[in-house]
Amino acid sequence: MRVPSLTLAAAGAALLSPASLPVPAAAVPAREEPVVHSESKVAAADLLARLGSCSQVSRGRYRTDADSAAKVPVCGTRDAVYWKADLDIDCDGRPTARCNRRTDPMFAATTAFQQSDGRHLKAETLPYIVVPPPSRIWNHRASGVKGGSVAAVVYRGHVQYAVVGDTGPRDIIGEASYATARGLGIRADPRDGGAASGVTYIVFRDSRLRHIEDHAAAVAAGRKLTARLMANLMAKK
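Calculation criteria
Residues numbered from 1 in each chain as written. Predicted model: local features only at pLDDT ≥ 70, side-chain atom pairs only at ≥ 80, totals over all residues. Heavy atoms only, no water. Helix = DSSP H or I, 4+ residues; strand = E, 2+ residues; numbered from the N terminus. Buried < 20%, exposed > 50% of the residue type's maximum accessible area, 1.4 Å probe, protein only. Contact = heavy atoms within 4.5 Å. Phe/Tyr/Trp six-rings, centres within 6.5 Å; stacked < 30°, edge-to-face > 60°. Salt bridge = Lys/Arg side-chain N within 4 Å of Asp/Glu carboxyl O. 1 Å grid on protein atoms, 1.4 Å probe; cavity = no way out; pocket = protein on both sides within 12 Å on 5 of 7 lines; lining within 4 Å. Points joined across faces, edges and corners; volume = space filled by probe spheres on them. Nonpolar A, V, L, I, M, F, W, Y, C, P; charged D, E, K, R; others polar. Disulfide = S-S within 2.5 Å.

For the overall build of the chain, give the residues involved together with the corresponding values.
Looking only at helices and strands, the chain features four helices and seven strands. When the helices and strands of the chain are listed from N to C terminus, the series reads α-α-β-β-β-β-β-β-α-β-α. Within the chain, the fraction of its 237 residues that count as buried is 46%. In the chain, 75% of the contacts between residues at least 6 apart in sequence involve partners at least 24 apart.

So this is what it looks like as structure tokens:
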């Protein structure tokens, strides 16, 4: 983690009176409390119950961490693909107060997918999820999943709508932006936050938004897509 240099005034104070040097402002902002809410009109429990057992669409399975076994399949229905994993915090994209090289040792100033104006995404404010890049395990593009596809992330009775905004390691799954974690009540600190398990990621096929940065549009589309998914799953049974 980089340590910010002293300001000119502080440096002068250090030369004149080392013992009385004021404590510099913290490099890392004060901890931010999660904001728990549900954006779906369909209850999270009902949504998960309707998905039922996994019909695997991936050729293989994913790890949730580099040192874990590959146990997570990508499942699918006619309308969506989904998986259940942990949630690691992605703070990448345009630097903000809580997502930057000081707060996140793994910070990258880029995201795999960009806004409609070409700028990289803001993890602190935009709910997005991370998908593995195409590989022999699974090619998300073949499942109708692209940058900007609409997703529903479910955790402990809450649903957060998001978009596909970034890609991660080829063999690891289970990551979402700082804003996604906060919306689900998960501690979003990129160094030691996240959820160890119990997070379900649902991505709607062929649902790419033109303006990936428009969260209100993602919520509106997500509600319609969730209703259609539920109706089709109920009709199937």
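Once the structure has been displayed, the description carries forward.
Describe the packing of aromatic side chains, naming the residues involved and giving the relevant values.
Going through the model one piece at a time under the given rule, you end up with two aromatic pairs. Centre to centre, the rings of Trp83 and Tyr201 are 5.6 Å apart; their planes meet at 15°, and the pair counts as stacked. With a gap of 118 residues between them, Trp83 in strand 2 (residues 80–90) and Tyr201 in strand 7 (residues 195–204) connect regions that are remote in the sequence. Of the residues examined, Trp83 reaches a relative accessible area of 1% and is grouped as buried. With relative accessibility at 0%, the residue Tyr201 sits in the buried group.

Describe in detail the pattern of salt bridges, supporting the description with residues and values.
Inspection of every chain in the model, using the stated rule, returns five salt bridges. Notably, a salt bridge pairs Asp117 with Arg119, separated by 2.9 Å at the nearest N-O pair. What makes Asp117 partly exposed here is its relative accessible area of 43%. Arg119 gets classed as partly exposed once you look at its relative accessible area, which sits at 43%.

For the layout of surface pockets, give the residues involved together with the corresponding values.
Taken as a whole, the largest pocket encloses approximately 390 Å³ of empty space. What lines the largest pocket is a set of 22 residues, among which Asp88, Ile89, Asp90, Met106 and Glu175 lie closest to the centre. Sorting the residues of the lining of the largest pocket by element identifies strand 2 and strand 3 (128–131) as the ones contributing at least two each. Ranked by residues supplied to the lining of the largest pocket, first place goes to strand 2 with three residues. Here the lining of the largest pocket is built from residues that sort into twelve nonpolar, three polar and seven charged.

Mind laying out the state of the cysteines, listing which residues take part and the relevant values?
Disulfide: a covalent bond connecting the sulfur atoms of a pair of cysteines. Scanning the entire structure with this criterion turns up two disulfides. The side chain of Cys54 participates in a disulfide bridge whose partner is Cys75; the two sulfur atoms lie 2.0 Å from each other. The sign of the -105° torsion about the S-S bond sets the Cys54-Cys75 disulfide as left-handed. Pair noted here: Cys54 is in the loop between helix 2 (44–51) and strand 1 (75–76) and Cys75 is in strand 1, with a separation of 21 residues, a long-range link. Note on cysteine connectivity: Cys91 is disulfide-linked to Cys99, with sulfurs 2.0 Å apart. Looking along the S-S bond of the Cys91-Cys99 disulfide, the torsion reads about -65°, which is the left-handed sense. Of the two residues examined, Cys91 and Cys99, each falls in the buried class. Taking only the cysteines that form disulfides and numbering them from first to last, the chain has the pattern 1-2, 3-4.

Mind laying out unusual backbone geometry, listing which residues take part and the relevant values?
Here Arg156, not a glycine, exhibits a phi torsion of approximately 50°, which is positive. Mapping Arg156 onto the fold places it in the loop between strand 4 (150–155) and strand 5 (158–167). Under the relative-accessibility criterion, Arg156 is labelled exposed at 70%. The phi torsion at Asp206 lies on the positive side, around 50°, for a residue other than glycine.

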